[in-house]
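Below are the chains, spelled out letter by letter.
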Amino acid sequence: MSRTGGIELVKKIIEGKTELLVPESSLQSNIPPRTPAFFNPKAELNRDISMAAYRIFSKNKASSMIMADSLAGVGARGIRVAVEVPDVKEVFINDGNPYAINLAEKSAQSNQVSEKCEFSNLDICQFLASHSGPKKRFSILDLDPFGSPAPYLDCALRSIDNNGLFSITATDMPVLCGVHPKVSYRKYQGHSLRTEYSHEIGVRLLFGSVAHNAMRLELGIKPVFAYRARHYFRVYMTIHTGAVWEEKTYKEIGYILHCFKCGHRATDIVSNMECSICKTLMKHAGPLWTGPIHNKKFLKELAQDCETHLIKIGTKITSIALQEIDMPPTYFTIDKISSKMGVTTPSLSSIIQSIKKKGYRASRTALNSKGIKTDAPNMVLQKIVKTLSEN
Ligand SMILES: [Zn+2]
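First things first, this report covers the structure right here in the doc. (Residues numbered from 1 in each chain as written. Predicted model: local features only at pLDDT ≥ 70, side-chain atom pairs only at ≥ 80, totals over all residues.)

1. Topic: helix α9 (residues 198–216)
With 19 residues, α9 extends 27 Å between its outermost C-alpha atoms, agreeing within 8% with the 27 Å of an ideal straight helix rising 1.5 Å per residue. The element α9 is extensively covered by neighbouring structure, given that 17 of its 19 residues are classed as buried. Directly after α9, the chain includes E218, whose backbone phi takes a positive value near 60°. (Helix = DSSP H or I, 4+ residues; strand = E, 2+ residues; numbered from the N terminus. Expected span 1.5 Å × (residues − 1). Buried ≥ 20, exposed ≤ 12 C-beta atoms within 10 Å, placed from the backbone.)

2. Examining the sheet that holds strand β13 (residues 265–268)
A sheet is described by the order of its strands in space; here three strands give the open sequence β13-β12-β14, paired in antiparallel fashion. This sheet does not close on itself; its edge strands, each paired only once, are β13 and β14 (283–289). Each adjacent strand pair in this sheet contributes to an overall mean axis angle of 20°, direction not counted. Where strand β12 (residues 253–258) lies against β13, four bridges are found, and the strand directions are antiparallel. The residue bridging H258 from the neighbouring strand is R265, located in β13. Across the face of the sheet, α9 comes into contact with β12 and β14 while running at roughly 45° to β14. (Pairing = 2+ DSSP bridges. Axes fitted to C-alpha atoms, helices over the stretch in contact; angles between N-to-C directions. Contact = placed C-beta atoms within 7 Å.)

3. Observations concerning the nonpolar core
Ranked by internal contacts, the top residues of the largest apolar core, which has 112 residues, are M67, V74, L206, F207 and F225. It is α9 that contributes the most residues to this core, eight residues altogether. Residue assignment places this core across two domains, with domain 1 (42–289) and domain 2 (296–390) each supplying three or more. Discounting residues that sit within four places of it in the chain, L206 has contacts with I168, A170, L176, Y188, F233 and V235. (Core = buried A, V, L, I, M, F, W, Y, C linked by C-beta atoms within 7 Å. Domains from an automatic or database assignment.)

4. Focus: the packing of helix α13 (residues 334–341) against helix α15 (residues 378–390)
As a packed pair, α13 and α15 sit with axes 10 Å apart at the nearest point and diverge in direction by 75°. In terms of their interaxial angle, α13 and α15 are classed as roughly perpendicular. Across the interface between the two elements, I337, S338 and M341 of α13 pack against L381, Q382, V385, K386 and S389 of α15. Across the contact of α13 with α15, the residue classes break down as four nonpolar, three polar and one charged. (Parallel < 35°, antiparallel > 145°, perpendicular 65-115°, else oblique. Nonpolar A, V, L, I, M, F, W, Y, C, P; charged D, E, K, R; others polar.)

Spelled out as structure tokens, the structure:
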């Protein structure tokens, strides 16, 4: 395939059940180049799980489901939706790069889904603004930018239908996880904090920022699923209009407080608090989302769909996420506890078992493979790790 300035090689690959035309250069380097067009083969899991999520969401809906891939690159997600999500009737595929859209159009043709797809070559905010009026909004919107999604949240929320689904990828983990707390405040309206559970804080800052943007537009949000894989966060939520939803959303905004002396954590609507255990002044992250980040019904169906469609890692992530529903909003990491105590690290499953035997709740978390969520006090957890490491 030729383009101005030279010849670009294009390759046909299969992802899920879909044939995709991608620049050969994107398959050859560790970090896929942005030119001639962006395609990240390593984001296959991200796209696989989103197919499952969109299938669940669009199933049995009375209204006609319209999906938009707003920063589509070569259209990998959007074309896959047209092929693999039967209840979505129309897919809008937009990217600022005309070469990328040209490839997306060709992929749609080879999958025989051109009639379902609408292509555009606009700046993302222009694209979203053209869908912000009544009867033009999307039932499902995906936002998967390079780095932070923050600059696009406002335009995105205006283009989502009442009760619609919003999925976001964020790759600016150092900002969200406490390396740059001030940048986090500027972009996400909440300070990040470096702790062993900074992934949880990151995801909650992201939901918090969407919530702040939503409330300004008289909307509310309901998170349904969040996880971390490789170097990104992925969050799913539904968007709702009405004063009841605004109020519900407002009530879930607060702070996570951390005591760096004894490791105690708290969630509150104030940011300035003494540790209830050792009386040290606690540090805070936020304002952020303090409510549930998963929805049980959605996750159960998602786990089932991942299993049916043989999305192995998706099945694993969703089944772990199901375990952490109703657990406290922060987790402990076993290597951090054992290294602080100078003991060997026991297995995650043995610690969880021991905590449960003592009558407390405990689970793994979809945000950190070494994390444990529990309502057991810090001291109980330390005692268990010590006992297990001696056996
Ligand atoms: Zn303390």
